[in-house]
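Structural overview for review
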Amino acid sequence: MRTGEPYGSGGSLLISRRELATRIDELAADISSRYASQERPLVCISVLKGATFFLADLIRALSIDVAVDFMSISSYAASGPDSGVVRIIKDVDEDIAGRDVLLVENIVDTGLTLTYLRRTLLARQPRSVATVTLLDKSARRIVPVPIEYAGFEIPDVFVIGYGLDHQALYRNVPDIFEVPDIAALRKDPALLVTSLFGSQRD
Ligand code: IMP
């Protein structure tokens with residue numbers, strides 16, 4: 001299947017699994033060379049759940065030793081979705097003071113989540129904090145935020161697959177698909193299930 005080709009009802013391929021693998025190898029080479037001479041292993045932190053797919057592939061492509069940790073967050077409903085105020089549900093286990101930290105994100109959209117995460121981690125006196133994101137939707141940015149490594153710049157479209165979900169569905173789709181009709185998907189969250197997975201979930 002080629003990029004841009006329509007796939008079943010309502011989705012079209014944006015980034016294939018092969019393109020993902022190639023770009024992740026390139027990102028891993030850049031990151032490995034930057035941290036190659038560090039005395040203590042780089043701490044790779046990813047946010048549950050979506051970024052864990054990217055994290056798993058990225059760290060296995062690195063040629064340096066790393067520690068892996070996870071955070072889980074949720075938006076404060078009372079503050080509104082664009083407030084950037086989030087609540088930490090699960091914090092990292094590692095003490096990151098004096099450590100080099102790499103935040104591993106699957107997508108940066110408005111930049112609010114990343115801004116909050118960076119501020120939270122920087123307050124713990126790490127040696128450095130850098131960010132790698134697989135996808136950068138910079139057209140939607142509300143707050144400018146530094147991103148040291150970005151896999152793909154994407155337009156202002158809603159995407160699913162490779163960890164990215166819509167109402168908890170589609171994370172395990174191996175490629176990244178663009179959803180042209182988000183209104184139709186909101187009305188029927190399982191709209192693309194049959195075209196992407198066949199009929200087993202009918
Ligand atoms: P932020 O707007 O940069 O704070 O991103 C918040 C979160 O929105 C991301 O971590 C994703 O979970 C989610 N998100 C943004 N754009 C998309 C998309 O196109 N597909 C799926 N999730 C998205």
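Overview of the structure. (Residues numbered from 1 in each chain as written. Predicted model: local features only at pLDDT ≥ 70, side-chain atom pairs only at ≥ 80, totals over all residues. Heavy atoms only, no water.)

1. Regarding the side chain of Lys-137
Along the chain, the position of Lys-137 falls in the loop between strand E7 (128–136) and strand E8 (149–153). We note that Lys-137 is buried and unpaired, the nearest opposite charge coming from Asp-109 at a distance of 4.1 Å. One polar contact links the side chain of Lys-137 to the main-chain carbonyl oxygen of Val-157, over a distance of 3.0 Å. In contact with Lys-137, not counting residues within four places along its chain, are Ile-107, Val-108, Asp-109, Ile-154, Pro-155, Asp-156, Val-157 and Phe-158. (Helix = DSSP H or I, 4+ residues; strand = E, 2+ residues; numbered from the N terminus. Buried < 20%, exposed > 50% of the residue type's maximum accessible area, 1.4 Å probe, protein only. Lys, Arg positive; Asp, Glu negative; His and termini not counted. Salt bridge = Lys/Arg side-chain N within 4 Å of Asp/Glu carboxyl O. Polar contact = N/O pair within 3.5 Å; in protein donor to acceptor, adjacent residues only side chain to side chain. Contact = heavy atoms within 4.5 Å.)

2. What to know about the pairing of E7
Along any regular strand, the residues point their side chains to alternate faces of the sheet. When you tally the buried positions in E7, you get nine out of nine residues, the bulk of the element. One ladder, built from eight bridges, connects strand E6 (residues 100–108) with E7; its direction is parallel. Opposite Glu-105, over in E7, you have Thr-133 as the bridge partner. Handedness of the crossover is the feature at issue here: the chain leaves E6, passes through helix H3 (residues 112–122), returns alongside E7, and the resulting connection is right-handed. With four bridges connecting them, E7 and E8 associate as parallel partners. Following the sheet pairing, Asp-136 is matched in E8 by Glu-153. (Pairing = 2+ DSSP bridges. Right-handed = clockwise from strand over helix to strand, strands pointing away.)

3. Concerning the site of the ligand
Around the ligand lies a shell of 13 residues, among which Asp-109, Thr-110, Gly-111, Thr-113 and Val-159 are the nearest. One of the backbone N or O atoms of Asp-109 is found 2.8 Å from an oxygen atom in the ligand. The contact in question runs from an oxygen atom of the ligand to an N or O atom on the side chain of Thr-113, over 2.5 Å. Taking 490 Å² as the accessible area of the ligand by itself, protein coverage stands at 77%. (Near = heavy atom within 4 Å. Areas by Shrake-Rupley, 256 points an atom, 1.4 Å probe, with all protein chains shown as cover.)

4. Things to note about the pairing of strand E10 (residues 176–179)
Neither face of E10 is left uncovered, since the one carrying Ile-176 and Glu-178 and the one carrying Phe-177 and Val-179 both have all their residues buried. The pairing of strand E2 (residues 11–15) with E10 spans three bridges and is classified as antiparallel. Bridging from a neighbouring strand, Leu-13 pairs with Phe-177 of E10. Bridge count for strand E9 (residues 158–160) against E10 is three bridges, and the pairing is antiparallel. From the neighbouring strand, Ile-160 faces E10, where its bridge partner is Phe-177.

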